[in-house]
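These are the residues of each chain, in order.
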Amino acid sequence: MHGIFITIEGPEGAGKTTIIQKVAKELEKRRIDVILTREPGGIPISEQIRGIILNPENLTMDARTEALLYAAARRQHLVEKVIPCLQNGAVVLCDRFIDSSLAYQGYARELGMDEILSINQFAIQELMPNKTIYFDIEPEIGLERIEANKGREINRLDLEKLDFHRMVRRGYKQLLQKFPDRIKEIDASQPMEQVFLHTMEIVDKLLEENK
């Protein structure tokens with residue numbers, strides 16, 4: 001594959017979606033072939049699965065069911081959208097990927113990171129991102145941002161208790177230690193323009209390395 005696969009990660013309210021949209025616009029300005037997508041979702045089948053996973057009414061969903069649904073949505077998204085775009089040489093920017101499953105289901109749901117990695121390796125067939133940018137923010141600040149942003153969808157994970165979101169952040173911190181070359185951290189509590197500039201520094205370096 002000749003394209004570049006970049007994923008954006010972070011706890012709820014970290015500002016990923018806003019920044020990734022700005023990055024896509026910047027790359028488009030430079031006439032770079034860029035595809036902006038998200039997980040779970042990005043294509044009709046995966047968006048339907050997203051609706052099930054994040055529906056606030058589905059509070060009885062078992063943690064393993066949740067993990068398997070994410071992996072299923074991920075598989076279809078890869079096959080139908082991500083892999084073809086990478087084969088065509090595009091830069092694929094994806095809002096969340098495998099690290100979300102490891103932090104949320106593996107660590108915060110206490111299913112085990114190795115177990116979640118195993119089912120996701122089956123789903124992705126070793127296709128890992130070239131680079132992952134992790135937006136770090138304290139859960140209290142992230143949840144305050146969600147509360148203030150009335151236009152944002154409130155999903156089932158937003159309704160989890162604060163302790164759950166703290167666990168998610170700890171899970172991400174473990175992933176930073178485990179994959180230091182792939183995952184780069186940015187302080188998402190900074191002003192949005194600063195976060196965007198830091199993100200572009202990482203993206204530009206990656207583009208330069210892959211010329």
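Treat the numbers as computed from the prediction; the structure is a model and nothing was measured. (Residues numbered from 1 in each chain as written. Predicted model: local features only at pLDDT ≥ 70, side-chain atom pairs only at ≥ 80, totals over all residues. Heavy atoms only, no water.)

S.K.: How would you explain the UniProt feature "binding site: ATP" (unreviewed entry) in the protein if you had to name every residue and give the values?
M.R.: Mapped onto the present numbering, the UniProt feature "binding site: ATP" (unreviewed entry) falls at Gly10, Pro11, Glu12, Gly13, Ala14, Gly15, Lys16 and Thr17. Looking at the element boundaries, Pro11 is found in the loop between strand 1 (4-9) and helix 1 (16-29). Residue classification places Pro11 among the buried positions, given a relative accessible area of 3%. Ignoring anything within four residues of it in the chain, the contact list for Pro11 reads Lys16, Arg96, Tyr104, Tyr134, Phe135, Ile137 and Tyr172. Note on placement: Gly13 falls in the loop between strand 1 and helix 1. (UniProt positions renumbered as here; feature names shortened; annotations may be inferred. Helix = DSSP H or I, 4+ residues; strand = E, 2+ residues; numbered from the N terminus. Buried < 20%, exposed > 50% of the residue type's maximum accessible area, 1.4 Å probe, protein only. Contact = heavy atoms within 4.5 Å.)

S.K.: Give a detailed account of unusual backbone geometry, specifying residues and quantitative values.
M.R.: A cis amide bond links Glu39 with the next residue in sequence, Pro40, at an omega value of -15°. Position of Pro40 relative to the elements: it lies in the loop between strand 2 (34-38) and helix 2 (44-54). Residues other than glycine seldom take positive phi values, yet Glu110 does so here, at roughly 60°. Within the secondary structure layout, Glu110 lies in the loop between helix 4 (98-108) and helix 5 (113-124). The exposure class assigned to Glu110 is exposed, which follows from its relative accessible area of 62%. For Glu126, which is not glycine, the phi dihedral falls at a positive 70°. Of note, Glu126 is situated in the loop between helix 5 and strand 4 (131-136). On the basis of relative accessibility, which here comes to 74%, the residue Glu126 falls in the exposed class.

S.K.: Any chance you could break down the side chain of Arg74 for me, citing the residues and the numbers?
M.R.: Inspection of the secondary structure puts Arg74 in helix 3 (residues 63-87). A relative accessible area of 2% means that Arg74 is categorised as buried. Of note is the side chain of Arg74, whose polar atom sits 2.9 Å from the side chain of Ser101. Leaving out residues up to four positions away in the same chain, Arg74 has contacts with Glu39, Phe97, Ile98, Ser101, Asn120 and Ile124. (Polar contact = N/O pair within 3.5 Å; in protein donor to acceptor, adjacent residues only side chain to side chain.)

S.K.: Tell me what's going on with the environment of Thr37, and back it up with residues and numbers.
M.R.: With respect to the helices, strands and loops of the structure, Thr37 is situated in strand 2. For Thr37, a relative accessible area of 6% corresponds to the buried category. Sequence-wise, Thr37 and Gln21 are 16 residues apart; in three dimensions their C-alpha atoms are separated by 9.7 Å. Among all residues touching Thr37, those that are not within four sequence positions of it are Gly42, His77, Lys81, Val92, Leu93, Cys94 and Asp95.

S.K.: Can you lay out the pattern of salt bridges for me, pointing to particular residues and giving the numbers?
M.R.: The tally for this structure, following the rule as stated, stands at 19 salt bridges. Among the ionic pairs, Lys22 bridges to Glu193, the shortest N-O distance being 3.7 Å. Of this pair, Lys22 sits in helix 1 while Glu193 sits in helix 8 (residues 192-209), and the two are 171 residues apart along the sequence. Residue classification places Glu193 among the partly exposed positions, given a relative accessible area of 41%. The residue Asp136 makes a salt bridge to Lys173 at a minimum N-O spacing of 3.3 Å. Placement of Asp136 in strand 4 and of Lys173 in helix 7 (residues 162-178) is noted, with a sequence separation of 37 residues between them. Linked through salt bridges whose partners overlap, the residues forming this network are Glu26, Lys29, Arg30 and Asp204. (Salt bridge = Lys/Arg side-chain N within 4 Å of Asp/Glu carboxyl O.)

S.K.: Now, about the side chain of Lys16: what can you tell me, with residues and values included?
M.R.: With respect to the element layout, Lys16 can be found in helix 1. With a relative accessible area of 8%, Lys16 lands in the buried category. When residues no more than four places from it in sequence are discounted, the contact partners of Lys16 are Ile8, Glu9, Gly10, Pro11, Asp95, Arg96 and Phe135.

S.K.: Give a detailed account of helix 7, specifying residues and quantitative values.
M.R.: Across its 17 residues, helix 7 extends 25 Å between first and last C-alpha, which sits within 8% of the 24 Å expected from 1.5 Å per residue. Every buried residue of helix 7 is accounted for by Phe164, His165, Met167, Val168, Gly171, Tyr172, Leu175 and Leu176. On the buried face of helix 7, the contacting elements are strand 1, helix 4, helix 5, strand 4, helix 6 (139-148) and strand 5 (183-187). (Expected span 1.5 Å × (residues − 1).)

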